[in-house]
Amino acid sequence: MRNRFIAGLFCSVLLYACGDPVEVRKDEPVKRLSLMVPEIEYGVAIDTTAPTIRISAEIDSSGMLIQPKVWFDTLRLESASVVNIEADRSLPITMIDSIVDTLCKGKDLRLVGKASGEYVVVPLHGLHRFQPTNYIHGLFENQYLILHCNDSGLQFGNKILSDSEFSNWVKLFYGNAFNPKDSIDFPQRKAQHNTIVRLMQEGQAWDESPRQLDSPDSAVYLAAYNEFVNRLEIFDKVGPFYSMDLALFEIDFAPQTTWGQALQLFSIHFAVQKELRQSAIRYFEERHANGGEERKPDLTEEDLLLLYPDRLRWNKRMSGAIEHRYDVHHLEIKQHVFPPPPEVLPAEIDGQDVPLD
């Protein structure tokens, strides 16, 4: 009797399995999960000890996105200060924005991608040392720039930038800390020439300024003074140089811009920043190799941050691995400038765009 029951049950399962497959799909649509991280230009080694938020795309049988699926370890996430974000490249960046806003307030991010087949991360840091200031009501018109990214690509003014053009644009934006004439389109360094005369004048102003170390703004005061001291040390190492003041840019992403597009742009910016800081080190080495003077202490990470500070903002965070400790007055901007003024747009000759490089 028992054997006949098992045989009958087995036949029922076979009949169900051999039924009309169309009917099965109607009741239970075919779904799959995708977690293909973006292919990017450049990143640094991933910290596998940091907690990871994984955001998969749930896709139906027609290839349409149904919803994201999010996995993370609640206890590890709550106690962490740095979080890896591993998301499918096809997801809209607005979904990533929402998840990051909800789960990662006050945390530093490491955005996971693949470069040359290896998992790497692009870092962005939160602003931990100071609350954003509120006394800036506007900037020079070409100091705060907004680029727009949508299905057509990355747009600046009326020009669509390719990846290589965006890389050149970032180089022009940051300019050359030792020869700013090559970045005339972005004159954010012109008034910030650190010569011995100007530094002596600033030092005299600090000597004559009242000390209010017990005021609510004492941390900002000390940070500004420390930046002055840091500039003195850089001058001693490399001579006159230019520092940036208030220059910022961010990318305004259209809602359906994919995570893959966005992370590639962050990666390109990060790669340019690394090259600029390496160029400062080369400049320092060449001065000592050709000058014959006593070797000065090496440029520190703090020096490099002052020469080429983090200036790309996204999701209330700044580009880079650590917060720029000084330069605190740039954190909040009340006036966004777009479209950009004509002097920062490439000119056209005979209807042809002039290359940015």
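For clarity, every value in this text was computed on a predicted model and none was experimentally measured. (Residues numbered from 1 in each chain as written. Predicted model: local features only at pLDDT ≥ 70, side-chain atom pairs only at ≥ 80, totals over all residues. Heavy atoms only, no water.)

### A few points about the pairing of strand S6 (residues 108–115)
Within S6, seven of the eight residues are buried, leaving the element largely enclosed by the surrounding structure. On the question of chirality, the crossover connecting strand S5 (residues 82–87) to the parallel S6 by way of helix H4 (residues 93–103) is right-handed. As paired strands, S6 and strand S7 (residues 118–125) are joined by seven bridges and run antiparallel to one another. The residue bridging leucine 111 from the neighbouring strand is valine 122, located in S7. (Buried < 20%, exposed > 50% of the residue type's maximum accessible area, 1.4 Å probe, protein only. Helix = DSSP H or I, 4+ residues; strand = E, 2+ residues; numbered from the N terminus. Right-handed = clockwise from strand over helix to strand, strands pointing away. Pairing = 2+ DSSP bridges.)

### Observations concerning the pattern of salt bridges
In total, this model carries eleven salt bridges according to the counting rule given. The shortest N-O distance in the salt bridge between lysine 296 and aspartate 236 comes to 3.5 Å. Residue lysine 296 is found in the loop between helix H8 (259–291) and helix H9 (301–307), and its partner aspartate 236 is found in helix H7 (residues 218–238); the two are separated by 60 residues along the sequence. Judged by relative accessible area, which is 45%, aspartate 236 ranks as partly exposed. Two residues, aspartate 303 and lysine 237, come together in a salt bridge whose shortest N-O distance is 2.7 Å. Here aspartate 303 is found in helix H9, whereas its partner lysine 237 is found in helix H7, with 66 residues between them in sequence. Each member of the pair, aspartate 303 together with lysine 237, is buried. (Salt bridge = Lys/Arg side-chain N within 4 Å of Asp/Glu carboxyl O.)

### What about the packing of aromatic side chains?
Counted by the stated rule, this structure contains 13 aromatic pairs. Note on phenylalanine 166 and tryptophan 169: the rings are 6.4 Å apart at their centroids and 15 degrees apart in plane angle, and the pair reads as stacked. Highlighted residues: phenylalanine 166 and tryptophan 169, both in helix H5 (residues 163–174), separated by three residues, approximately one helical turn. Tryptophan 169 gets classed as buried once you look at its relative accessible area, which sits at 1%. Between phenylalanine 266 and tryptophan 314, the aromatic rings sit 5.2 Å apart at their centres with planes inclined by 50 degrees, giving tilted as the arrangement. Remark: tryptophan 314 occurs in strand S14 (residues 312–314) and phenylalanine 266 occurs in helix H8; sequence separation between them is 48 residues. (Phe/Tyr/Trp six-rings, centres within 6.5 Å; stacked < 30°, edge-to-face > 60°.)

### Brief notes about the confidence of the model for the protein chain
For the protein chain, per-residue confidence averages 79 on the pLDDT scale, and residues scoring 70 or more make up 75% of the total. Segment residues 1–26: pLDDT under 50, and one contact once partners within four positions in sequence are set aside and those in other chains are kept. Throughout residues 343–357 the model reports pLDDT below 50, and contacts reaching past four residues in sequence, or to other chains, amount to 24 contacts. (pLDDT = per-residue confidence, 0-100. Contact = heavy atoms within 4.5 Å.)

### Points about helix H6 (residues 196–208)
For H6, which comprises 13 residues, the first-to-last C-alpha distance of 18 Å matches the rise-based estimate of 18 Å (1.5 Å per residue) to within 8%. Leu199, Gly203 and Trp206 are the residues of H6 that are buried. Buried residues of H6, seen end-on, are gathered within an arc of 60 degrees and therefore sit on one face of the element. Exposed and facing more than 90 degrees away from the buried side of H6 are Val197, Met200, Gln201 and Glu208. In this structure, the buried residues of H6 make contact with strand S11 (193–194) and H7. (Expected span 1.5 Å × (residues − 1). Arc of directions from axis to C-beta.)

### A closer look at the side chain of aspartate 88
Within the secondary structure, aspartate 88 sits in the loop between S5 and H4. Looking at aspartate 88, its side chain comes within polar contact range of the side chain of serine 90, at 2.3 Å. Non-local contacts of aspartate 88, meaning those with residues more than four positions away in its chain, are made with Ser34, Leu35, Met36, Ile55, Ala57 and Trp259. (Polar contact = N/O pair within 3.5 Å; in protein donor to acceptor, adjacent residues only side chain to side chain.)

### Comments concerning a nonpolar patch on the surface
Where nonpolar side chains cluster on the molecular surface, the patch consists of Ile196, Val197 and Met200 and spans about 290 Å² of accessible area. Residue placement: isoleucine 196 occurs in helix H6. A relative accessible area of 40% means that isoleucine 196 is categorised as partly exposed. (Patch = residues over 30% accessible without salt bridge, like charges linked within 9 Å, V, L, I, M, F, W, Y side chains within 5 Å. Areas by Shrake-Rupley, 256 points an atom, 1.4 Å probe, with all protein chains shown as cover.)

### Some remarks on the packing of H6 against H7
Two numbers describe how H6 lies on H7: the axes approach to 11 Å, and their chain directions differ by 150 degrees. Put simply, H6 runs roughly antiparallel to H7. With respect to the hand of their crossing, H6 and H7 are arranged in left-handed fashion. Contact with H6, carried on its side by Ile196, Leu199, Glu202, Gly203 and Trp206, involves Tyr221, Ala224, Tyr225, Phe228, Arg231, Leu232 and Phe235 of H7 and no other residues of that element. Broken down by class, the residue content of the contact of H6 with H7 amounts to nine nonpolar, one polar and two charged. (Axes fitted to C-alpha atoms, helices over the stretch in contact; angles between N-to-C directions. Parallel < 35°, antiparallel > 145°, perpendicular 65-115°, else oblique. Left-handed = near helix turned anticlockwise from the far one by under 90°. Nonpolar A, V, L, I, M, F, W, Y, C, P; charged D, E, K, R; others polar.)

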